[in-house]
Structures are given as structure tokens and as C-alpha cells.
Amino acid sequence: MVSYPFWQTVPLRWKDNDVYGHVNNVVHYSLMDTVINTWLIDRGGLDIEAGEVIGLCVESRCQYHASVSFPGSLRVGLRVAHLGRSSVRYEIGMYTAAEVLVAEGQFVHVFVDRESRRPVEVAGKLREALAELVTAG
């Protein structure tokens, strides 16, 4: 498996399967968003309800490698490929328990002022938490 500084195991749900019997592609995007925001809230102190700074997704993509279905779970790895002044590009890998690569994704956040929606510098505890995820790829 590729190196990721943070891993989260996410259970698949019955409703994640589509009519073709596998996890629908939209679920992969939801898993990326969930794992990223878990890190930002738990480690970065991001206050999604009342904080002055919020992260807006400006780009996302996902490349699928294998099919997976309920029941089961995915191990989702997270790393930061680029930490800029006001933006961050994450790379995400989704694997089965048997270490089969299911999907790889990228997700870009721009951090903005909640009210003005203008970019702000990623600073303090949030920057420190994101720096922990920076890898050479």
C-alpha cells in the first residue's frame, strides 16, 4: 500500500450499493469528504458550525480501480500533496481489508472567511495539523 500518514476505517452501508451491486461512485466522494473533515475537526480544530474560517471544495476527482460492495469496510488513507497559503490538495487512497486498491482521489480545499468567502491564510493549529499530513508522494 502507498504511504499515508492518516488512516480511517469506514464501514460500508447497505444503501451504498447501487442497482449494479457495488458501491456507487458518489459514495467514494462522500468518503473522501468525511475522512478529510474528520482530520480537520479532530486534529486541526476546525469549527464547522461557528468558526471564522471554513474550507470550500474547489476541485475533486476520483479514479476507480476495483469494485467493492456492502457488507464490508474501506481503509481510507489521507495525505497532503500540497499545502499552500490558503489552499491544500489532499490525496486519498481507498483500500479493502485485503489491501486491494479500490479508488484514488484528489480533493482541493480553499480556506475562506465564513462571511466574506474571501481566501484566508491557513494558520495556527489548522496549518500544524495539515503539515503533519504532508508527504513527498
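Please refer to the structure placed before this passage.
Model, not experiment: these values are computed from the prediction.

Each value, and the rule that gives it
- Residues numbered from 1 in each chain as written.
- Predicted model: local features only at pLDDT ≥ 70, side-chain atom pairs only at ≥ 80, totals over all residues.
- Heavy atoms only, no water.
- Pairing = 2+ DSSP bridges.
- Helix = DSSP H or I, 4+ residues; strand = E, 2+ residues; numbered from the N terminus.
- Axes fitted to C-alpha atoms, helices over the stretch in contact; angles between N-to-C directions.
- Contact = heavy atoms within 4.5 Å.
- Polar contact = N/O pair within 3.5 Å; in protein donor to acceptor, adjacent residues only side chain to side chain.

Caption draft 1: Region of interest: the sheet that holds strand β4 (residues 87-95). Pairing is antiparallel across the open sheet formed by five strands, whose spatial order is β1-β3-β4-β5-β2. The open sheet has two edge strands, β1 (6-11) and β2 (53-64), and neither has a second partner. Strand-to-strand twist across the sheet, computed as the mean angle between neighbouring axes with direction ignored, equals 25 degrees. Sheet topology places β2 next to strand β5 (residues 101-113); eleven bridges connect them, and they run antiparallel.

Caption draft 2: Inspection of the environment of Glu132 at higher detail. Looking at the secondary structure, you find Glu132 in the segment after α2 (124-131). When the C-alpha positions of Glu132 and Arg79 are compared, they lie 8.6 Å apart, and in sequence the two are 53 residues distant. In contact with Glu132, other than residues within four places in its own chain, are Pro5, Trp39 and Arg43. Among the polar contacts made by the side chain of Glu132, one reaches the side chain of Arg43 at a distance of 2.6 Å.

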